[in-house]
Amino acid sequence: MFFRSSVVSLTMAAVLLIAVGGCRSRVQNRPVGKAVSIAVPLGLPPLPLPRDNPPTSDSIALGRMLFFDKHLSQDDSLACSSCHNPQTYFTDGQRLSKGLGGMSLRNAPTVMNAAYLPFQFWDGRALTLEEQAASPIADPIEMNQPHNVSVKKIAAESAYKGMFAKAFGTDNVTLGRIENALASFERTLLSGNSAFDRYQYGGDQTALTISQARGLAVFLDPNKGNCAACHTVRPHDALFTDGKFHNTGEGVGDLDQFSDVGRYHETKVKTDTGAFKTPTLRNVANTAPYMHDGRLKTLKEVVDFYAGGGNSNLYLDPEMKKIHLNGTDREDLVAFMQSLTGEMPPDVGPPDKKK
Ligand code: HEC
Ligand code: HEC
């Protein structure tokens, strides 16, 4: 018995050694420099960081270059920033995004505070920012460029000379390094310290107008707006999303037909039909139009949609109840959402080309 198990463990040790040895000869995608701490503004929770991609000042700088680089698209016309533009709080202001292959099916969500989300995309088909990053590059509707071509184009650009070596130890350009650098830059896109945060978490009772403070109460009250059932507000911080998927009836047609099945696409669970990830409401006054299909043009239209209980359908979320909101309640809710406009962190615009 003893003999047999030690043979097994010896064999396993050998396999492990080979595996580790094999890894060592591959290009490492882990940043090499000293990890930096990213400042978290008032109202946001501590920032989760992946162990295998600690952000460094060099990987963040590289990610910023890549985020604004149109060479990641097939005809050099689109960068990540074309659809996630810092001037519109990292959205594109369009109903549906326009990529190289035509219209995307969905509205571009903001990338701000996405570092906190347990799922990426409206349907949650990626889990991490690293995993998400490669997808728009190769997507035929979006940037439409095979990954090996992107890697070659980036490697050929003189602007990146030395940057991969500084961030990752060697000059090699790999998809993994591109993903890691993009994700690290995106982790710096934190927005908080809004009027709401100063009121709720900073003890400044004057930060909200009277109407906004009333709107906050409607937002939180389960018997009034019931908004915080999904757009979470916690004792010490608020992401205004539970990170989960709900069917609000947005996008449902006659006979319960969904032009976009949302979360169901990923899980194939019937009750997930028409469910989409709760979006954050931070900076929402600046990110119109709204919903996964960009159908609602103003915050007033959104509030009226909820006041009607959403659109009824077979899979409507139980928290989507008919709520009674009078005219003042509705105005107050809109005013409250306007108090969620936060600060922009420094160094998130297009990088200086000369550097
Ligand atoms: C053509 C426009 C377009 C381009 C270019 C684009 N995106 Fe997006 N992005 C979108 C749309 C639309 C979605 C939502 C798609 C969905 O949910 O199916 C999205 C979703 C995301 C999300 C998920 C956010 C969330 O809350 O779920 C992240 C992160 C993101 N993009 C980052 C990037 C990065 C990094 C790049 C560049 C490599 C990029 N995007 C390029 C349009 C674009
Ligand atoms: C059952 C969960 C739930 C409740 C309750 C809820 N929401 Fe939402 N909210 C969502 C989901 C999910 C979406 C995205 C729906 C879609 O695009 O199909 C959304 C979208 C929004 C948007 C659009 C944001 C954007 O960037 O497109 C706003 C604004 C909003 N909700 C405000 C509110 C307000 C105000 C209330 C209360 C009156 C409320 N929500 C109640 C889950 C909820």
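If you're wondering where the values come from, they're calculated on a predicted model, not measured in any experiment. (Residues numbered from 1 in each chain as written. Chains lettered and ligands numbered in written order. Predicted model: local features only at pLDDT ≥ 70, side-chain atom pairs only at ≥ 80, totals over all residues.)

## Let's talk about the overall build of the protein
Then, in step 1: Summing up its helical and strand segments, the protein has 12 helices and 4 strands in all.
Then, in step 2: For the protein, the C-alpha radius of gyration of 23 Å lies close to 20 Å, the compact-globule estimate for 355 residues.
Then, in step 3: With respect to the principal axes defined by its C-alpha atoms, the protein has extents near 70 × 65 × 45 Å.
Then, in step 4: Of all 355 residues assigned to the protein, the portion counted as buried reaches 40%.
Then, in step 5: Sequence-distant contacts in the protein: of pairs separated by 6 or more residues, those separated by 24 or more amount to 67%. (Helix = DSSP H or I, 4+ residues; strand = E, 2+ residues; numbered from the N terminus. Rg over C-alpha atoms; globule rule 2.2 N^0.38 Å. Buried ≥ 20, exposed ≤ 12 C-beta atoms within 10 Å, placed from the backbone. Contact = placed C-beta atoms within 7 Å.)

## Focus on the site of ligand 1
Then, in step 1: Among the 27 residues in the neighbourhood of ligand 1, the closest are listed as Cys80, Cys83, Gly99, Phe121 and Pro136.
Then, in step 2: Among the elements of the structure, helix H3 (80-83) and helix H4 (129-138) are those that each provide at least two residues to the shell around ligand 1. (Near = placed C-beta within 6 Å.)

## Describing the site of ligand 2
Then, in step 1: Looking at ligand 2, there are 27 residues lining it, with Cys227, Cys230, Glu250, Met291 and His292 nearest.
Then, in step 2: The element that contributes the greatest number of residues to the shell around ligand 2 is helix H11 (residues 299-307), accounting for 4 residues.
Then, in step 3: Across the shell around ligand 2, the residue classes break down as 15 nonpolar, 9 polar and 3 charged. (Nonpolar A, V, L, I, M, F, W, Y, C, P; charged D, E, K, R; others polar.)

## Some remarks on the UniProt feature "binding site: heme c 1" (unreviewed entry) in the protein
Then, in step 1: UniProt records the feature "binding site: heme c 1" (unreviewed entry) for Cys80, Cys83 and His84 in the present numbering.
Then, in step 2: Turning to its location among the elements, Cys80 is positioned in helix H3.
Then, in step 3: Among the residues examined, Cys80 registers 25 C-beta atoms within 10 Å and is labelled buried.
Then, in step 4: The contact partners of Cys80, leaving out residues within four places of it in the chain, are Phe67 and Pro136.
Then, in step 5: Its place among the elements puts His84 in the loop between H3 and strand S1 (98-99).
Then, in step 6: Beyond its immediate sequence surroundings of up to four residues, His84 is in contact with Phe90, Thr91, Ala108 and Val111. (UniProt positions renumbered as here; feature names shortened; annotations may be inferred.)

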